[in-house]
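Fold and geometry: a report
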Amino acid sequence: MTPASLPYIGPEQIAALLSPREAVQAVEAVLRDGFDPADDPVRSQVGIRHGQFLLMPSELARSAGVKIATVAPRDSGAGLPRIQGLYVLFDAVTLAPKTLLDGPVLTALRTPAVSVAAVGPALTRTTEPAGVVVFGAGPQGTGHADTLRSVLAGKREIAGVTYVVRHPEAYARLRRPDVAIVSTGGDEAAEAVRDAAVVVCATDSRVPLFDSTLVRDDAVVIAVGSHEPDAREIDAALFRRAQVIVEDVKTALRECGDIVMAVAENAVTPQHLVAMRSTVRGEVELAADRPVLFKSSGMSWEDLVVAEAIVSRLEKDS
């Protein structure tokens, strides 16, 4: 197959082929089948003249793949998304390229799938209606809300979703009877965190987003926005209280500023970090009397798992 003849799966087709619930199931299945995220290759960042490349390779039994993302300066003035990219799926044995997929939409599907898989048992241990607070209303913020709705349907009611953003007027399109848009740092945001069963942090903030003393003892907190060692969305105090889950301990200690700084401030030790593989496989019970906190860095295997599931569905439907 020549590059010109490679099939391309675009944003709308990805959404049609794989639901958020199915993406969660794909992540859970690969971990239950024995894959260990600790074996994943380290991703790399390469500086170029007008930004950087982010290269994320991985390999499973049937497929190999790499996501090639570009990160442009915020003030590029081109009117294009800051992050763009493609995913290339290869056959694991012949290494022949098989399929191209839209990179940003794949990322927006797999990231909340990983989050929900990591904390799944904590989300369904009660049938009490769950209030959800999401800091950030970009693709990751809305994607987490959509994935929670998809996975909890028939298991636990979503009582409402509150998006906390810097400029609420820019997100009026999201407002519905069960969706509120409130301003960062206000009383409404604090009250929403205080009442929430689930708090999602999906921003580019480099400092904590809220006072963690507001977080309920039985809450689930998901933080996916920061992936640099000097940026954090969650304060150290929450790490002292919480059961902390990560994709892979070494990766978290290298890349996750929330973790790096909490360890430096003696709020948590590396030995107390729980790998999500253990929660998905039922080897570690999630706490019911203190917050459950999942800190994601984003790893290459996650894109491959979901890309493989998308392509498998396409082949089945063809």
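Quick look at the structure, then.

**Thoughts on the sheet that holds strand E14 (residues 292-295)**
In spatial order, the strands read E9-E8-E7-E10-E11-E14-E12-E13; together these 8 strands make up an open sheet with parallel pairing. Of all the strands in the sheet, just strand E9 (179-183) and strand E13 (274-275) have a single pairing partner and so form its edges.

**A few points about the pattern of salt bridges**
Here the idea is simple: oppositely charged side chains can pair when their charged atoms come close. The full count for this structure, using the stated rule, is 20 salt bridges. Residue Arg149 pairs with Asp146 through a salt bridge whose shortest N-O separation is 3.5 Å. Linking Arg149 with Asp146, this pair stays in helix H4 (residues 139-152), spanning 3 residues, or about one helical turn. Owing to a relative accessible area of 23%, Arg149 belongs among the partly exposed residues under this scheme. When the shortest N-O distance is used, the salt bridge between Glu265 and Arg232 registers 3.1 Å. With Glu265 in the loop between helix H8 (257-264) and E13 and Arg232 in the loop between strand E11 (220-223) and helix H6 (236-241), this pair connects stretches of sequence that are 33 residues apart. When salt bridges with common partners are traced through the structure, they connect Lys67, Arg110, Glu302 and Asp303 into a single cluster.

**Points about the packing of aromatic side chains**
Applying the stated rule across the entire model yields 2 aromatic pairs. Considering the side-chain rings of Phe35 and Trp301, the 5.6 Å spacing of their centres and the 45 degrees angle between planes classify their relative orientation as tilted. In this pair, Phe35 sits in the loop between helix H2 (20-32) and strand E2 (44-48) while Trp301 sits in helix H10 (residues 300-317), placing the two residues 266 residues apart along the sequence. Note on Trp301: relative accessible area 0%, which makes it buried. Taking the centre distance of 5.2 Å and the plane angle of 25 degrees together, the rings of Phe135 and Phe210 count as stacked. Of the two residues, Phe135 is situated in strand E7 (residues 130-135) and Phe210 in the loop between strand E10 (198-201) and E11; the sequence distance between them amounts to 75 residues.

Rules of the game
- Residues numbered from 1 in each chain as written.
- Predicted model: local features only at pLDDT ≥ 70, side-chain atom pairs only at ≥ 80, totals over all residues.
- Heavy atoms only, no water.
- Pairing = 2+ DSSP bridges.
- Helix = DSSP H or I, 4+ residues; strand = E, 2+ residues; numbered from the N terminus.
- Salt bridge = Lys/Arg side-chain N within 4 Å of Asp/Glu carboxyl O.
- Buried < 20%, exposed > 50% of the residue type's maximum accessible area, 1.4 Å probe, protein only.
- Phe/Tyr/Trp six-rings, centres within 6.5 Å; stacked < 30°, edge-to-face > 60°.

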